[in-house]
Amino acid sequence: MAQLLKVQNFNVSRDGFGAGEGQSLERPFGSADPGTMFSWAGATASWPNRTDPGGSRGLDDYLTRDFANNIGAEIMGRNKFSPHRGPWDDHSWQGWWGEEPPFHTPVFVMTHHVRPSFTLSDTTFHFVDSDPETVLKQAKEAAQGKDVRLGGGAATIRQFLDADLVDTLHVAVSPQVEIGAGSRLWTSSDELLDRFHRDVVPSPSGVEHHLFWRR
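Residues numbered from 1 in each chain as written. Predicted model: local features only at pLDDT ≥ 70, side-chain atom pairs only at ≥ 80, totals over all residues. Heavy atoms only, no water.

**Side note on the environment of E99**
As for its position among the elements, E99 is in the loop between helix 4 (78-81) and strand 4 (106-110). Look at E99 and you get exposed, because its relative accessible area is 58%. As a C-alpha pair, E99 and A73 span 26 residues in sequence and 18 Å in three-dimensional space. In contact with E99, not counting residues within four places along its chain, are L120 and S121. (Helix = DSSP H or I, 4+ residues; strand = E, 2+ residues; numbered from the N terminus. Buried < 20%, exposed > 50% of the residue type's maximum accessible area, 1.4 Å probe, protein only. Contact = heavy atoms within 4.5 Å.)

**Some points on the pairing of strand 8 (residues 168-174)**
For strand 8, a buried count of six out of seven residues is recorded, marking the element as mostly surrounded by other parts of the structure. In terms of strand pairing, strand 1 (residues 5-13) meets strand 8 through six bridges, oriented parallel. Paired with S13 across the bridge in strand 8 is S174. Pairing analysis gives six bridges linking strand 8 to strand 11 (residues 208-214), with the strands arranged antiparallel. Opposite V173, over in strand 11, you have E208 as the bridge partner. (Pairing = 2+ DSSP bridges.)

**Focus: the pairing of strand 6 (residues 123-128)**
With five bridges joining them, strand 4 and strand 6 adopt parallel strand pairing. Note on strand 6: the bridge partner recorded for V109 is F127. Across three bridges, strand 5 (residues 118-120) lies against strand 6 in antiparallel orientation. Residue pairing across strands places T119 opposite T124, the latter belonging to strand 6. Linking two consecutive strands that pair antiparallel, namely strand 5 and strand 6, is a turn of two residues; a positive phi of about 55° is found at S121 within it.

Structure representation (structure tokens):
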């Protein structure tokens, strides 16, 4: 079977932003509140950081659980990995996720300022300065026949959409959240209908799941 490039569980506000302005070490999503944006996933029984029993079932839980299904590698932009800009002052920063990153696969970080690869637990981060087609080829090779997840942020997803490399997308839209400025995925999901079929499924949690697959 063909390997797919998939966007999974990517969250945007009702005005299409995946993050706000002013990203910093303390605020990975800038002015946006990730607790509100991702509340639908955090409430599920399958949320990986859940420390108490219970949690919701249904569609939200299924999509949360499906996040790692048949994924062999991830691609992300530098600003998903780090709040730093420009050349690396040092290599002590190893991501937001601590000693146990949630990826469990090779991760390809797109950046104009490369640095040596490193491994935390079962996740190895590689830093690549290449075009989307080349990075996707590297990620597919590393995935060893499994699919590749395109993790974001919004600007990185747009790069791969513009290069017509994305096969499927799941975007969770939070209608109660408006950001106004920052990293924008779209003005409207209708922008993708020339290349994708789309289903929009409302959830009892309040989010709308926009599910796309190639025409």
